[in-house]
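# A look at the structure
Chain by chain, the residues:
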Amino acid sequence: MATEQTGNGWFWGQWSALGLGMAAVVVLVDQVHKWWMINVYEIAEKGRVSVTSFLDLVFVLNKGISYGLFTQDSQGGQLMLAGFALVVSIVMAIWLARAGSGWLMAISVGLIIGGAIGNAIDRVHLGGVADFFSLHAFGVYWYVFNVADAAIVAGVVGLLYDGFIATGGAKRQIAD
């Protein structure tokens, strides 16, 4: 099974500008939204605000990772989680530089990098990740999330689509 590589180098490739540009947009939008929700809208003082029958706005400072797992109450723990997010972002940027899959892969990786960096900034600045959106239905409340989290999920979905549907990855794997 041959592997095609069209990237230019370890740290910069043909899709790096698109992917890292998307990451920068995600970080900017995420951080501006968090700043606005905390400092202008003052969501912490308002408590839970119902937007629709299935969406509320609420302020939660998540000191763990997804679903509050591995909670870290200390500043050192938050710095460790932020450092991990930065290492993952660097590894993904290298993958972006080395890969030659196309624009969807580049945008998807950029969404993940931007989301990870946005949440890492929160950990350093706020001591945890600021989450605001609470989806619920039929009395069931899912986790509370933010713009960075949504970008990460969209990036993963984009990578799955690119790898298995758009480029025929599943068929290619079976044929090889």
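Check the entry above for the structure.
The notes below deal with the structure included here. (Residues numbered from 1 in each chain as written. Predicted model: local features only at pLDDT ≥ 70, side-chain atom pairs only at ≥ 80, totals over all residues. Heavy atoms only, no water.)

### Remarks on the overall build of the protein
Just so we agree on the cut-off: Numbering of helices and strands starts at the N terminus; helices are DSSP runs of H or I of at least 4 residues and strands are runs of E of at least 2. Accessibility here uses a 1.4 Å probe with only protein chains present; expressed as a share of the type maximum, an area under 20% marks a residue as buried, one over 50% as exposed, and anything in between as partly exposed. By the convention used here, residues are in contact when the closest approach between their heavy atoms is within 4.5 Å. Note on areas: Shrake-Rupley, 1.4 Å probe, and residue coverage restricted to the protein chains presented here.
Helix and strand content of the protein: six helices and four strands. Taken from the N to the C terminus, the helices and strands of the protein come in the order α-α-β-β-α-α-β-β-α-α. The burial tally for the protein puts 39% of its 176 residues in the buried class. Taking contacts inside the protein between residues at least 6 apart in sequence as the whole, the part at least 24 apart equals 68%. In the structure as shown, the protein presents an accessible area of about 10100 Å², 69% of it carried by carbon and sulfur atoms.

### Here we look at the sheet that holds strand β1 (residues 49-50)
Note the following rule: Two strands pair under a simple rule: DSSP has to find at least two bridges between them. What counts as an axis is a line fitted to C-alpha atoms, over the stretch in contact for a helix, and the angles between N-to-C directions run from 0 to 180 degrees.
Taking strand neighbours across the sheet as the criterion, the four strands line up as β1-β2-β3-β4 in an open arrangement whose pairing is antiparallel. Single-partner strands in this sheet number two, and they are β1 and β4 (140-145). As defined by bridge partners, β1 adjoins strand β2 (residues 55-62) across two bridges and the pair is classed as antiparallel. Of the residues in β2, the one forming a bridge with serine 50 is aspartate 56. Across the sheet, helix α4 (residues 103-126) is in contact with β2 and β3 (129-137); its angle to β3 comes to roughly 120°.

### Quick notes on α4
Formally: Expected span of a helix: the number of residues minus one, times 1.5 Å.
Over its 24 residues, α4 extends 34 Å from the first C-alpha to the last, a length consistent with the 34 Å expected when each residue adds 1.5 Å. With 17 of 24 residues buried, α4 is to be regarded as a mostly interior element. A positive backbone phi angle near 85° is found at glycine 127, which sits one or two residues after α4.

### Some points on the packing of aromatic side chains
Let me state the cut-off plainly: Here the aromatic set is Phe, Tyr and Trp, taking the six-membered ring for Trp, and pairing holds for ring centres within 6.5 Å; pairs whose planes are under 30 degrees apart are stacked, those over 60 apart are edge-to-face, and all others are tilted.
This model, assessed by the stated rule, comprises four aromatic pairs. Taking the centre distance of 5.4 Å and the plane angle of 20° together, the rings of tryptophan 36 and tyrosine 41 count as stacked. For tryptophan 36, a relative accessible area of 37% corresponds to the partly exposed category. Among the residues examined, tyrosine 41 registers a relative accessible area of 21% and is labelled partly exposed. Both rings, one in tyrosine 143 and one in phenylalanine 145, keep their centres 5.9 Å apart while their planes meet at 55°; by these two values the pair is tilted.

### Description of the side chain of aspartate 122
The criterion, for reference: Polar contact is defined as a pair of N or O atoms within 3.5 Å, subject to the rule that within protein one atom must be able to donate a hydrogen and the other to accept it, and that residues adjacent in sequence are counted only when both atoms are side-chain atoms.
Tracing the sequence through the fold places aspartate 122 in helix α4. On the basis of relative accessible area, aspartate 122 is assigned to the buried category, the value being 2%. Here glutamine 31 takes part through its side chain, which lies 3.1 Å from a polar atom of the side chain of aspartate 122. Discounting chain neighbours no more than four positions away, the residues touching aspartate 122 are Gln31, Lys34, Gly127, Gly128, Val129 and Ala130.

### Considerations on the packing of helix α1 (residues 16-40) against helix α3 (residues 75-98)
Rule in force here: Put simply, angles under 35 degrees are roughly parallel, angles over 145 are roughly antiparallel, angles from 65 to 115 are roughly perpendicular, and the rest are oblique. Any residue that is not Ala, Val, Leu, Ile, Met, Phe, Trp, Tyr, Cys, Pro, Asp, Glu, Lys or Arg is counted as polar, Gly included; the first ten are nonpolar and the last four charged.
Contact geometry for α1 and α3: axes closest at 9 Å, N-to-C directions at 150°. Taken together, the axes of α1 and α3 are roughly antiparallel relative to one another. Where α1 abuts α3, its residues Ser16, Gly19 and Leu20 lie against Ala93, Leu96 and Ala97. A class-by-class count of the residues in the contact of α1 with α3 yields four nonpolar, two polar and no charged.

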